[in-house]
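Okay, here's what each chain looks like letter by letter:
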Amino acid sequence: MSAVTNPATVAECLRVGAGFSQGDRNWIAERFATLDARLAGFHADATELEVSVKDRDAKGQKVTLECWIAGRQKIVTTSGEEDLHAALNDVRDDLRRRLNDAKTRQEPRHNKHIRELPEPDTGQVTDRDADPDRLDAETA
């Protein structure tokens, strides 16, 4: 895989939507910083994140995190957790899982099969390796 010259980071790509203020952006970006390692494989100018909350601090609040990466389908994660911090963690973890799943689906299948093959056992000598003529004589 080629290296990305300008890797995406949460701090660079995050926008706050409805229910959040620009003042909330920094602490949300800190909470989502663990996504940086997953986003680093994408170009910053082709990646966008937007977090929003509906009915903030109310009983039925809903947090939504949307992710747009050029050339891929939009990923939307939601959480109905009542605690705002728990809801943010929930959407962050769900996005990380979905990005990992998308990466796994895009791997060439032949590479995956090669990795799953068992290692050849080169240290053991079997009866067949020792004397093939003897084996033929025993089975005849």
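Not measured: the values here are computed from a predicted model. Residue positions are counted from 1 within each chain, in the order its sequence is given. Since the coordinates come from a predicted model, pLDDT governs what is reported: local features require at least 70, and pairs of side-chain atoms require 80 or more to be given and counted, while whole-chain, interface and lining totals use all residues. Heavy atoms throughout the structure, all of them, feed into the side-chain values; hydrogens and water do not.

Student: I'd love a proper account of helix H2 (residues 22-31), names of residues and values included.
Tutor: Those residues of H2 not exposed but buried are Asp24, Arg25, Ile28 and Ala29. Down the axis of H2, the smallest arc covering the buried residues is 135°, so these residues share one side. Every exposed residue of H2 that faces more than 90 degrees away from the buried side is listed here: Gly23, Asn26 and Glu30. Any residue under 20% of the maximum accessible area for its type is buried, any over 50% is exposed, and the rest in between are partly exposed; the area is computed with a 1.4 Å probe on protein chains only. Strands here mean DSSP runs of E at least two residues long; helices mean DSSP runs of H or I at least four residues long; both are numbered from the N terminus. In this description, one arc is meant: the one made by directions from the helix axis to the C-beta atoms.

Student: Before we move on, could you go through the environment of Phe42 and cite the residues and values that matter?
Tutor: Inspection of the secondary structure assignment puts Phe42 in the loop between helix H3 (36-39) and strand S2 (47-54). As for Phe42 and Ala70, which are separated by 28 residues in sequence, their C-alpha atoms are 8.8 Å apart. Setting aside residues up to four positions removed in sequence, Phe42 forms contacts with Val4, Asn6, Pro7, Ala8, Thr47, Ile69 and Arg72. Here, residues are in contact when the closest pair of their heavy atoms is within 4.5 Å.

Student: Before we move on, can you summarise the side chain of Glu66 with the specific residues and values?
Tutor: The residue Glu66 is located in strand S3 (residues 62-69) in this model. Here Lys74 takes part through its side chain, which lies 2.9 Å from a polar atom of the side chain of Glu66. Setting aside chain neighbours within four positions, we find Glu66 in contact with Glu48, Leu49, Glu50, Lys74, Ile75 and Val76. Pairs of N or O atoms within 3.5 Å make up the polar contacts considered here, provided that, within protein, one atom can donate a hydrogen while the other can accept it, and that residues adjacent in sequence are counted only when both atoms are side-chain atoms.

Student: Lay out unusual backbone geometry in plain terms, naming residues and giving numbers.
Tutor: The phi dihedral of Asp55 falls on the positive side, at around 60°, and the residue is not glycine. Tracing the chain through its elements places Asp55 in the loop between S2 and S3. The class for Asp55 is partly exposed, based on a relative accessible area of 46%. With a phi close to 65°, Asp57 is a non-glycine residue in the positive phi region. Mapped onto the elements, Asp57 comes out in the loop between S2 and S3.

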